[in-house]
Every structure is written in C-alpha cells, then in structure tokens.
Amino acid sequence: QLQFVESGGGLVQPGGSLKLSCVISGDTLEHYRIGWFRQVPGKEREGVSCISMRSLSARLADSVKGRFTISRDNAKNTAYLQMNRLQPEDTAVYYCAAFRTYQEAMCMMGDQYYDYWGQGTQVTVSS
C-alpha cells in the first residue's frame, strides 16, 4: 500500500530547530518529486519547499529562505525538511506531498501538482 508518513513535529521555543522526515512505503522514493506544505486552520495551504527526484532542483518559499533546508535520501526512502531559527509564524501542520514522475525536472510549489499526501505533523513554535 502506497503511503507517505511525516514525523518530527513538536513544540519548540522561538529560535529552535526541528527536522521533519517523510518516509514512503509501498514504492521507492526515487520515483517521486517531493513537496512540503503547511497549513493553519482557516487558511489556505502554503507551499514551503520542493525537491526534484534526483535533487537537481529545489525551491524554498521566501518566508523560509535562509532558515529551512530541503533534502532527500533515496536510498533510505526518506525526504527531510530541516527547520532552523523557527518563529511563531512557522506554527502549522506540515504536510509531505509527492508526485510520481519518470524524468528529472524542476519541482513545483503549488499543491495542485501533487497527488499523494501524508497525514501531517504539527509544528508549534511558542515560548
């Protein structure tokens, strides 16, 4: 059964760090572009970052540039989002999204370009 599962969320103080993981089961990660999104209640889902199937393309939203880093380890079937210098505005449910592909290409930030989604992991930044 194809499944993407996020983990690594939690409650941290402003300025702290978290590393989120997205693990695939039922297939191999190398066939997928990966996106990270976040959402707060009542708001639209926001694209945070994305990475292409072979890591030749990666993007970060302006709001997280210089603080977040996206990466992947296809051998471990895991994608990561390293989050540093977290701020209260980063509080949200973070989702891993995937799009199966057969070629290396620029990744996309819009949620309409992904058809597989994890259940989300809560990140709360508060004193």
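Check the entry above for the structure.
Once that is clear, we can look at the pattern of salt bridges. Following the criterion strictly, the structure yields 7 salt bridges and no others. A salt bridge links Glu 46 to Arg 38; the nearest nitrogen and oxygen atoms lie 2.9 Å apart. The exposure class of Glu 46 is partly exposed, given its relative accessible area of 32%. For Asp 62, the salt bridge is made with Lys 65, and the minimal N-O distance between the two is 3.2 Å.

Attention shifts here to the packing of aromatic side chains. Scanning the model with the defined rule gives 5 aromatic pairs in all. Residues Phe 4 and Tyr 116 carry aromatic rings whose centres are separated by 6.2 Å and whose planes lie at 35° to one another, so their mutual orientation is tilted. Taken together, the positions of Phe 4 in strand S1 (residues 3–7) and Tyr 116 in strand S10 (residues 116–117) put the pair 112 residues apart, joining distant regions of the chain. Judged by its relative accessible area of 4%, Phe 4 is buried. Given the relative accessible area of 31%, Tyr 116 is considered partly exposed. Where Phe 37 meets Tyr 114, the ring centres are 5.5 Å apart and the plane angle is 75°; that geometry is what we call edge-to-face. You can see Phe 37 sitting in strand S4 (residues 32–39) and its partner Tyr 114 sitting in the loop between strand S9 (92–100) and S10, a full 77 residues away along the chain. By relative accessible area, Phe 37 is classed as buried at 1%. Assessed through its relative accessible area of 6%, Tyr 114 is described here as buried.

Parameters at a glance
- Residues numbered from 1 in each chain as written.
- Predicted model: local features only at pLDDT ≥ 70, side-chain atom pairs only at ≥ 80, totals over all residues.
- Heavy atoms only, no water.
- Salt bridge = Lys/Arg side-chain N within 4 Å of Asp/Glu carboxyl O.
- Buried < 20%, exposed > 50% of the residue type's maximum accessible area, 1.4 Å probe, protein only.
- Phe/Tyr/Trp six-rings, centres within 6.5 Å; stacked < 30°, edge-to-face > 60°.
- Helix = DSSP H or I, 4+ residues; strand = E, 2+ residues; numbered from the N terminus.

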